[in-house]
Structure formats: structure tokens, C-alpha cells
Amino acid sequence: MLSYQHAYHAGNLADVHKHALLAWALDYLTAKDKPLSYIETHAGRGLYDLAGPEADKTGEAAAGIARAEGWLPADHPYRRRLAEVRAMQGASAYPGSPLIAAASLREGDVMHLCELHPQEFRALQATMAPWGAHVRQEDGLTAALALTPPTPRRGLMLIDPSWEVKSDYDRLPQIIAKVAKRWNVGIIALWYPILLDVPHVPMLAALEREFPQGLRSEVRFPPIRAGHRMAGSGMFIVNPPFGMAEEAARLLAVFEAHRR
Ligand SMILES: C[S@@+](CC[C@H](N)C(=O)[O-])C[C@H]1O[C@@H](n2cnc3c(N)ncnc32)[C@H](O)[C@@H]1O
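This structure is a prediction, so every number in the text was calculated from the model and none was measured.

### Regarding the overall build of the protein
Then step 1. Each helix and strand counted, the protein has 11 helices and nine strands in total.
Then step 2. The C-alpha atoms of the protein give 17 Å as radius of gyration, which agrees with the globular expectation for 260 residues (18 Å, within 12%).
Then step 3. Along the first, second and third principal axes, the C-alpha set of the protein runs to 40 × 40 × 40 Å.
Then step 4. Buried residues in the protein amount to 43% of all 260 residues.

Following this line, the structure appears as C-alpha cells:
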């Protein structure tokens, strides 16, 4: 039974970290005049309203993007995507990763999005159909294997689970190793939470053994409320594009400068 709904967390500091890296990577990839594939295994609904009751209930966006947007330069690809989506959808709109990707891609690029939750899937379909995305109500990790290697072969896969299934920590290094074997040129980005009881640590050890050239980007922030277990945000990237380590270092410096 899926209970996670990203609407409660959209625009939090973990999203700022993840979406800033994603927008940067897609900006880099689209600078070259060659088509690409974007695959997302756990897409969410694609578009969020930060004036809605979910964001209001948790206050995560208020402590996240509302504070952090100015931490980044105005011409950062993430800020450009935010501005484009607000111009289309209104001032309180916040793009999920599928919409950040859609706003980054060009004609001829291909998008595959997976979302299992029926309500989230329907919302995703409604938001992303006009962008020509292939939207599937399927298990994202099964689809990750079925969809690779994609055509065009160049591209990026974002794996952003809700981490409700604890066995994902064990399964993901194995699944990513299989995907990377089938798609050796693909950039594979896995987002994970940094939790106080550190379940991500053995998973990262396995990923770093399998991919010694992988990039690990982590930022820390105080838990959003007393008793909340998330103390930071992490992304492990297989085949990181040129310059992504430097972008990760810039983001780390920005988060550290505003940590309180
Ligand atoms: C963290 S949210 C995605 C947020 C989105 N990537 C973003 O940054 O805007 C994770 C999503 O995965 C969905 N989900 C959970 N298990 C799944 C599975 N096995 N396959 C596909 N989607 C799944 C949840 O319903 C939820 O919408």
C-alpha cells in the first residue's frame, strides 16, 4: 500500500538539492546538439501548488525553496526552470522533477515517466501529456530494466523512491548495476534521504564498490520539526557529466553557508 504523497514535501530543502542538480545536469546535456532520453522511475505528480493545504500543513516549502531560491544565482538552470513554470502555471506553482526535465528538454528528446500510485499517476498524466511524455503506471524499478538501453542512447535516469519499502536499500545497488551494464553511457542519479539512523550508509558502500568513479553529493540541514528523522539529502550519480562534481561542491558550500 503506497501512502507517500510528495505534495507534503514538494519544494523542501531535499527537493532544492535534487532539483538543482537535475536541472544543472540536463542543462549541460542539452547544450550539445544530440537528442537524449530522460527516464524517471518514481515521478510523482509533476506539478505542485505551494499555496495548497499540503505545503501549508508541513511548512517544508516555506523552510525550503521560499528561503533557498536566493541562495543560487539568478541564471542557475533550476531558477530558470522555476521562473518558466511559474510563468505558465502561476506564482505558487512548483515543478516536480518531470516538469523540470520537460522544461529542459528539446524537440526530439524522449521522456519516460513511471508512477505507481493511481491518484499521482492520473495527475502526472494530465500534467505531462501536453509535453509528449510517455507516462506509465508501472513499478519504476522493473521499468528501469525494461526501458534500457533507451533510444536515443544518450541520457539520464532519475531514481527517486519514496523509501517506504525498506528492502529498496538492499535492492537498489543491484538494480543500478544491472541498468548500468545494459546502458553503459547512461547517467544514473539516485536520490536518498540522510536519516538519523543512517540506513543509506551500507547502500552507499555497495554503490561505491560497484562504481568507484561515481559522484556522491550530500547536503545537510536541520530536521524540519522535532522528531523528524531527515537530516540531509543525498544523490549518487553513475557516469556524472563533466563539471557535475564542481556543481555539487558549489551546492554544498551554499547549504553549509545557510545551515542553522
Ligand atoms: C519522492 S516521490 C517522487 C518525487 C519526484 N521525483 C520529484 O522530485 O518531483 C516518489 C514517488 O514514487 C511513487 N512510487 C512509490 N513506489 C513506486 C514504484 N514501485 N514505482 C513507481 N513509483 C512509485 C510514489 O507514489 C511517489 O509519488
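### Topic: the site of the ligand
Then step 1. Taken together, the neighbourhood of the ligand is formed by 19 residues, with His42, Gly44, Gly96, His117 and Gly140 sitting nearest.
Then step 2. Residues that form the shell around the ligand fall into these classes: five nonpolar, eight polar and six charged.

### Examining the pairing of strand β6 (residues 155-159)
Then step 1. Most of β6 sits out of view: five of its five residues are buried.
Then step 2. Burial along β6 is two-sided: the face carrying Gly155, Met157 and Ile159 and the face carrying Leu156 and Leu158 are both buried.
Then step 3. Note that strand β1 (residues 37-40) and β6 share four bridges and pair parallel. Following the sheet pairing, Ser37 is matched in β6 by Gly155.
Then step 4. In this structure, β6 lies alongside strand β7 (residues 187-195), joined through four bridges in parallel fashion. Looking at the pairing, Leu158 lines up with Ala189 of β7.
Then step 5. Since β6 and β7 lie parallel, the crossover through helix α9 (residues 168-182) that links them has a hand, and here it is right-handed.

Quick notes on the rules
- Residues numbered from 1 in each chain as written.
- Predicted model: local features only at pLDDT ≥ 70, side-chain atom pairs only at ≥ 80, totals over all residues.
- Helix = DSSP H or I, 4+ residues; strand = E, 2+ residues; numbered from the N terminus.
- Rg over C-alpha atoms; globule rule 2.2 N^0.38 Å.
- Buried ≥ 20, exposed ≤ 12 C-beta atoms within 10 Å, placed from the backbone.
- Near = placed C-beta within 6 Å.
- Nonpolar A, V, L, I, M, F, W, Y, C, P; charged D, E, K, R; others polar.
- Pairing = 2+ DSSP bridges.
- Right-handed = clockwise from strand over helix to strand, strands pointing away.

Note that all results are geometric; they support no functional claim without further evidence.
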